[in-house]
Amino acid sequence: MHEDEITDRFPEEHVKGQLMAVKFYSVLKVLSKIGVLKILSSFKKFPGFSATISPFSKQTRTLLWKTSFQKKTIAAMHSEFSNVQDGYRKVRELPATDIPLIVIKSGVVNEFYPGTSEDTKRIIRAKLLEAANDLKNWSVNGKLVEASGSGHNIHIENPQVVIDSIVEILRTTSLT
C-alpha cells in the first residue's frame, strides 16, 4: 500500500523515504536502459540486494537475481512508484463496494529507512495496520488477513496465505 505511505498519515521521515524510492527507481530505469543493471546482476553485485534476498531459498534467490533487474521489471517498479499518488487519489474516490475483498498484511514490519527512530517505527507499524483496515473496509465483504512471519514479500515468504486468499475469493464468488 505504497500509496498510503506518501500521505500525511505517515511520519514525515517515512514519506521522505518513500519519495526517495520514486527517485531511486527513476535512476534504476536509466541504468537498466543503458545495460548497467544487467551487468551488475550477472555478477550478482548490487548494493543491499543480496542481504534483502538472503532469507530465501537458493532457487528463489537465483530467480530473483535473474528477474529483478530486467528492463520490464524495473519499468514496472518505476511506474508503480511514479503513479502512486494519482492512484491513491483515484482509489479513494471510489464508492464503497460489496465485492469480496481480502487484504493481506505482512506480519513482520522491520524494513525501515536508515536512521528511523524506534518511536517512528512504532508509529509506521500502527499506520500500516490502520491503512490495511481502511482498505478492508472499502467492501462490506472485506477481510484482513495477517501473514504471520512474512515481511514485504508475502508472495515469496508465505505463498500459502496468498493461495488460500485467492481460493477463498473464488469460492465466495462461485457461490453467488
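Whatever comes next refers back to the structure up there.
Just so it is clear, the structure is predicted and the values come from calculations on it, not from any experiment.

Draft legend 1. Geometry of helix 1 (residues 12–33). Its 22 residues give helix 1 an end-to-end C-alpha distance of 32 Å, which sits within 8% of 32 Å, the value for a rise of 1.5 Å per residue. For helix 1, the set of buried residues is His14, Val15, Gly17, Gln18, Ala21, Val22, Tyr25, Leu28 and Ser32. Buried residues of helix 1, seen end-on, are gathered within an arc of 155° and therefore sit on one face of the element. Summarising the geometry of helix 1, the exposed residues directed more than 90 degrees from the buried face are Glu12, Lys16, Met20 and Lys23. Looking at the buried residues of helix 1, the elements they touch are helix 2 (36–42), helix 5 (71–82) and helix 7 (118–136). Phi for Gly35, located one or two positions after helix 1, is positive at around 90°.

Draft legend 2. Broad picture of the pattern of salt bridges. Taken as a whole, this structure holds 7 salt bridges when the rule is applied. The salt bridge involving Arg9 is made with Glu130; its shortest N-O contact spans 3.0 Å. One end of the pair, Arg9, is in the segment before helix 1; the other, Glu130, is in helix 7, with 121 residues separating them in the sequence. For Glu130, a relative accessible area of 32% corresponds to the partly exposed category. Across the salt bridge formed by Lys121 and Glu118, the nearest N and O atoms sit 3.1 Å from each other. Of the two residues, Lys121 and Glu118 both sit in helix 7, 3 residues apart, roughly one turn of that helix. Taking the relative accessible area as the measure of exposure, Glu118 reaches 57% and is therefore exposed. By sharing partners, the salt bridges in this structure join Arg9, Lys127, Glu130 and Asp134 into a single network.

Draft legend 3. Looking closely at the packing of helix 1 against helix 5. Taken N-terminus to C-terminus, the directions of helix 1 and helix 5 make an angle of 155°; their axes are 9 Å apart at the nearest point. When the axis of helix 1 is compared with that of helix 5, the two are roughly antiparallel. For the element pair helix 1 and helix 5, the recorded crossing hand is left-handed. Taken together, the residues of helix 5 that come into contact with helix 1 (itself represented by Gln18, Ala21, Val22, Tyr25, Ser26, Leu28, Lys29, Ser32 and Lys33) are Lys71, Ile74, Met77, His78, Phe81 and Ser82.

Draft legend 4. Looking closely at the pairing of strand 1 (residues 101–106). As defined by bridge partners, strand 1 adjoins strand 2 (residues 142–147) across 6 bridges and the pair is classed as parallel. For Ile102, the partnering residue across the bridge sits in strand 2 and is Lys143. In terms of handedness, the path from strand 1 via helix 7 over to strand 2 forms a crossover that is right-handed.

What counts as what
Residues numbered from 1 in each chain as written. Predicted model: local features only at pLDDT ≥ 70, side-chain atom pairs only at ≥ 80, totals over all residues. Heavy atoms only, no water. Helix = DSSP H or I, 4+ residues; strand = E, 2+ residues; numbered from the N terminus. Expected span 1.5 Å × (residues − 1). Buried < 20%, exposed > 50% of the residue type's maximum accessible area, 1.4 Å probe, protein only. Arc of directions from axis to C-beta. Contact = heavy atoms within 4.5 Å. Salt bridge = Lys/Arg side-chain N within 4 Å of Asp/Glu carboxyl O. Axes fitted to C-alpha atoms, helices over the stretch in contact; angles between N-to-C directions. Parallel < 35°, antiparallel > 145°, perpendicular 65-115°, else oblique. Left-handed = near helix turned anticlockwise from the far one by under 90°. Pairing = 2+ DSSP bridges. Right-handed = clockwise from strand over helix to strand, strands pointing away.

Everything listed here is a matter of geometry and, on its own, says nothing about what the molecule does.
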